Amino acid sequence: MKKITVWFVIVVLAVLMGVLVGAGSYMLDFSLAPDPTRANTDSCYRQLFTDYPETREWMDSLRTHHALRDTMIVMPGGYRLHTYYINRGSQRTAMVIHGWRDQAIKFFYFARMYERLLGYNVVMPDLYASGMSDGDMLRMGWLDRLDVLQLLDVFKADTMVVHGVSMGAATTMMMSGEQMPEDIRDLRFVADCGYTSVWDEFAGELKNQFGLPAFPLMYTTSLLCQLRYGWNFDEASALRQVAKCQYPMFFIHGDSDDFVPTYMVHQLYDAKSAPKELWITKGTDHAHSYKNHRTEYVARVRRFLE
């Protein structure tokens, strides 16, 4: 009877472990899977021109003057990142980093802001597993921070700003705590609606979408991510990285953001030493601060860069 009980417990534990690993694999694949239409640039341009019609004439002008280029840049790991580059011959360069399951094209409205209104060259990469870049799984900004750091060196200019939105903002903040390339006289960061850490973001979505607590599924999924891709959710912390950053940073967040909850930006702002600025935009959900407050957005970014 005792042997039967022991085997019963072993079988139950094995089943539970199998269910947990299966659920963790599903969660990991769901969270890190790239957009299946990621290379469909035509639909991205249609969305861009619908939401920001002023970008159509501007982009036509760039192409007419051969000022918009795109290239594949080989990273130290051997994979290629597709990157757009707008060269207006300036000594100032802005790097714009897109969000989760997005690609650079959708954020050309920021490129227009920097090139047309602020006088910057602009670099816009498709992050790993996004757009036309190589890769089969997203990396939520953590390993992407090293790619952006590499691009910062490739496109190095006297004055630079890295401006990220959502996952791009997390990438920007995660990168900000690293050792920066030399010979950049003035370097600044703009983080628009970025999350504190991958753990916090995924745990929040797990609760919001499925009503589940972090334990045990988050721990299993993070471990699977470590085993498969070489990084885990806990180490992917923008909060710890901004605490090491000594460069100016401008935090922007919508007051009605429930995808990356607004409370996160206050934690990030508190963790960052001066110089820093914070702007909470009114009546704004996730990643729509520019769309809802265009004139003020440009004015505040301009002042931050002066």
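These figures come from a predicted structure and were not determined experimentally.

Basis of the calculations
- Residues numbered from 1 in each chain as written.
- Predicted model: local features only at pLDDT ≥ 70, side-chain atom pairs only at ≥ 80, totals over all residues.
- Heavy atoms only, no water.
- Pairing = 2+ DSSP bridges.
- Helix = DSSP H or I, 4+ residues; strand = E, 2+ residues; numbered from the N terminus.
- Axes fitted to C-alpha atoms, helices over the stretch in contact; angles between N-to-C directions.
- Contact = heavy atoms within 4.5 Å.
- Buried < 20%, exposed > 50% of the residue type's maximum accessible area, 1.4 Å probe, protein only.
- Core = buried A, V, L, I, M, F, W, Y, C linked by side-chain atoms within 4.5 Å.
- Salt bridge = Lys/Arg side-chain N within 4 Å of Asp/Glu carboxyl O.

A. Representation of the sheet that holds strand S2 (residues 80–86) within the structure. One open sheet accounts for eight strands, arranged S1-S2-S4-S3-S5-S6-S7-S8; its pairing is mixed. Unpaired on one side and paired on the other, strand S1 (68–74) and strand S8 (276–281) mark the two borders of the sheet. Taken pair by pair, the neighbouring strands of this sheet meet at an average axis angle of 20°, ignoring direction. Inspection of the sheet shows S2 paired to strand S4 (residues 121–125) by four bridges, in the antiparallel sense. Its bridge partner being in S4, Ile 86 is matched across the sheet by Val 122. Along the sheet, helix H10 (residues 263–271) contacts strand S7 (249–254) and S8; its crossing angle with S8, the most-contacted strand, is approximately 170°.

B. Expanded view of the environment of Asp 234. Among the secondary structure elements, Asp 234 is positioned in the loop between helix H8 (217–229) and helix H9 (238–242). Accessibility expressed as a relative area gives 46% for Asp 234, which makes it partly exposed. For the pair Asp 234 and Thr 171, spaced 63 residues apart in sequence, the C-alpha separation works out to 15 Å. Setting aside chain neighbours within four positions, we find Asp 234 in contact with Trp 199, Ser 222 and Arg 240.

C. Inspection of the pairing of S2 at higher detail. A large share of S2 lies buried, amounting to six of its seven residues. In this sheet, S2 lies alongside S1 in antiparallel orientation, the contact comprising seven bridges. Residue pairing across strands places Ile 73 opposite Leu 81, the latter belonging to S2. The turn linking S1 back onto S2 is made up of five residues, and Gly 78 within it adopts a positive phi angle of 95°.

D. Representation of helix H4 (residues 108–117) within the structure. The buried fraction of H4 is high, at eight of ten residues. Residues of H4 that are buried: Phe 108, Tyr 109, Phe 110, Ala 111, Arg 112, Met 113, Tyr 114 and Glu 115. Two residues or fewer past H4, Gly 119 is found with a positive phi of approximately 80°.

E. Quick peek at the nonpolar core. Core analysis: the biggest nonpolar cluster contains 59 residues, and Leu 152, Tyr 195, Val 198, Trp 231 and Phe 233 have the highest contact counts within it. Ranked by residue count, the leading element in this core is helix H6 (residues 167–176), at six residues. When residues no more than four places from it in sequence are discounted, the contact partners of Tyr 195 are Met 140, Gly 141, Met 167, Ala 170, Met 173, Met 174, Glu 201, Ala 238, Val 260, Met 264 and Leu 268.

F. Structural detail: the environment of Tyr 128. Of note, Tyr 128 is situated in the loop between S4 and helix H5 (144–154). In this structure the C-alpha to C-alpha distance between Tyr 128 and Gln 103, which are 25 residues apart in sequence, comes to 9.9 Å.

G. Inspection of the pattern of salt bridges at higher detail. The tally for this structure, following the rule as stated, stands at 14 salt bridges. Note that Arg 228 is salt-bridged to Asp 29, the shortest N-O span being 3.0 Å. Taken together, the residues span a long stretch of sequence, with Arg 228 in helix H8 and Asp 29 in helix H1 (residues 2–32) at a distance of 199 residues. Its salt-bridge partner being Glu 54, residue Arg 294 comes within 3.1 Å of it at the nearest N-O pair. Taken together, the residues span a long stretch of sequence, with Arg 294 in helix H12 (residues 294–305) and Glu 54 in helix H3 (residues 54–64) at a distance of 240 residues. Looking at Glu 54, the relative accessible area reads 25%, which means it is partly exposed. If you follow the salt bridges from partner to partner, you end up with Arg 139, Asp 144 and Asp 147 in one network.

Structural measurements only, silent on function.
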